Amino acid sequence: MPPVIAAALVLLLPALVLTAAASDVATFRIPNWISLALIVAFPLAALSAGLSLPALGAHLAVGVVALAVGMAMFALRWMGGGDAKLFAAVALWVGWPATLTFVGAAALAGGALAILLLTLRSAAVRPLVLTGPRWVSRLADPAEAIPYGVAIAAGALAALPASPFARVLGL
């Protein structure tokens, strides 16, 4: 496969997770098509990167475990359904051991996001942001959820250099 096509396939991961993050911030929703596109594109990107059949199986196993963890977190109301699906799709892409980087970076980004939202939702700051765009005032609403797709996207971007796809991009 020509290197430019392989790179384009691999670049779908950052493009789609950034799209998911933007959607989550703006609407508190991650469309299913994003996770589905990641899942469908993965085998093509994996083949273009030269992943072996055992490596493909390992990536699939990591994705299945991540889906189970995400579903449990959704059942406990710790994250939304779109977050759980995106989490699993990204884990499928980054595989093992890059999933450790992914989870760690997503957790750190999630903590930073929580601090930011607590600040936006505080009594001192919230009145100031209510005059801004609707999506910003929704972020400042204490009744709204946390757009964790942002943290998942940050984790995915942090893990990409540790994944087997890094060499396709020259990272």
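The preceding data block contains the structure.
Residues numbered from 1 in each chain as written. Predicted model: local features only at pLDDT ≥ 70, side-chain atom pairs only at ≥ 80, totals over all residues. Heavy atoms only, no water.

Peer 1: Could you clarify how one ought to interpret the side chain of Arg-138 in this entry?
Peer 2: Relative to the helices and strands, Arg-138 resides in helix H8 (residues 134-139). In terms of polar contacts, Arg-138 uses its side chain to reach the side chain of Glu-144, at 3.1 Å. Once residues within four sequence positions are removed from consideration, Arg-138 is found in contact with Ala-26, Thr-27, Phe-28, Arg-121 and Glu-144. (Helix = DSSP H or I, 4+ residues; strand = E, 2+ residues; numbered from the N terminus. Polar contact = N/O pair within 3.5 Å; in protein donor to acceptor, adjacent residues only side chain to side chain. Contact = heavy atoms within 4.5 Å.)

Peer 1: Help me understand the nonpolar core in this model?
Peer 2: Within soluble globular proteins, side chains that are nonpolar generally end up buried alongside one another. Ranked by size, the top nonpolar core spans 35 residues in total, and within it Val-17, Leu-38, Leu-86, Val-90, Trp-93, Phe-102 and Phe-165 carry the most contacts. Among the secondary structure elements, those contributing two or more residues to this core are helix H1 (3-10), helix H2 (12-27), helix H3 (32-48), helix H4 (53-75), helix H5 (81-94), helix H6 (98-120) and helix H9 (149-159). The element contributing the most residues to this core is H5, with 9 residues. The residues touching Leu-86, leaving out its near neighbours within four places in the chain, are Val-17, Ala-20, Ile-30, Ile-34, Ser-35, Leu-38, Gly-149 and Ile-152. Of all hydrophobic cores here, the second largest spans 8 residues; its members include Leu-117, Val-129, Val-136 and Leu-139. (Core = buried A, V, L, I, M, F, W, Y, C linked by side-chain atoms within 4.5 Å. Buried < 20%, exposed > 50% of the residue type's maximum accessible area, 1.4 Å probe, protein only.)

Peer 1: Looking at this structure, I do not really get the packing of aromatic side chains. What am I missing?
Peer 2: Aromatic rings in a pair are described by how distant their centres are and how their planes are angled relative to each other. Within this structure, the stated rule accounts for 4 aromatic pairs. Both rings, one in Phe-42 and one in Trp-93, keep their centres 6.0 Å apart while their planes meet at 65 degrees; by these two values the pair is edge-to-face. With Phe-42 in helix H3 and Trp-93 in helix H5, this pair connects stretches of sequence that are 51 residues apart. Accessibility expressed as a relative area gives 0% for Trp-93, which makes it buried. Taken together, the aromatic side chains of Phe-42, Trp-93 and Phe-165 make up a single cluster linked through ring pairs. (Phe/Tyr/Trp six-rings, centres within 6.5 Å; stacked < 30°, edge-to-face > 60°.)

Peer 1: Would you mind showing me how to read the packing of H2 against H5 here?
Peer 2: Angle between the axes and distance between the axes are the two parameters that describe a pair of packed helices. Their axes nearest at 12 Å, the elements H2 and H5 cross at an angle of 165 degrees. Classified by the angle between their axes, H2 and H5 sit roughly antiparallel to one another. Note that H2 runs across H5; the crossing there is left-handed. Contacts from Leu-13, Val-17, Ala-20 and Asp-24 of H2 reach H5 at Asp-83, Leu-86, Val-90 and Trp-93. Looking at the contact of H2 with H5, its residues break down into 6 nonpolar, no polar and 2 charged. (Axes fitted to C-alpha atoms, helices over the stretch in contact; angles between N-to-C directions. Parallel < 35°, antiparallel > 145°, perpendicular 65-115°, else oblique. Left-handed = near helix turned anticlockwise from the far one by under 90°. Nonpolar A, V, L, I, M, F, W, Y, C, P; charged D, E, K, R; others polar.)

Peer 1: I tried to follow the pattern of salt bridges on my own but got confused; where do I start?
Peer 2: Close approach of charged atoms lets side chains of opposite charge pair. As enumerated under the stated definition, the model contains 1 salt bridge in all. A salt bridge links Arg-138 to Glu-144, with the nearest nitrogen and oxygen atoms 3.1 Å apart. (Salt bridge = Lys/Arg side-chain N within 4 Å of Asp/Glu carboxyl O.)

Peer 1: Sorry if this is basic, but what is going on with unusual backbone geometry here?
Peer 2: Leaving glycine aside, a negative phi is the common case for residues, and trans is the common case for peptide bonds. Here the amide bond leading from Trp-96 into Pro-97 is cis, since omega sits at 5 degrees, within 30 degrees of zero. Along the chain, Pro-97 falls in the loop between H5 and H6. The phi dihedral of Phe-28 falls on the positive side, at around 60 degrees, and the residue is not glycine. Mapped onto the elements, Phe-28 comes out in the loop between H2 and H3.

Peer 1: Would you take a moment to explain the environment of Ala-153 for this structure?
Peer 2: Note that Ala-153 resides in helix H9. Exposure remark for Ala-153: the relative accessible area of 2% places this residue in the buried category. Considering only alpha carbons, one finds Ala-153 and Ala-114, 39 residues apart in sequence, at a separation of 15 Å. Discounting residues that sit within four places of it in the chain, Ala-153 has contacts with Val-17 and Ala-21.

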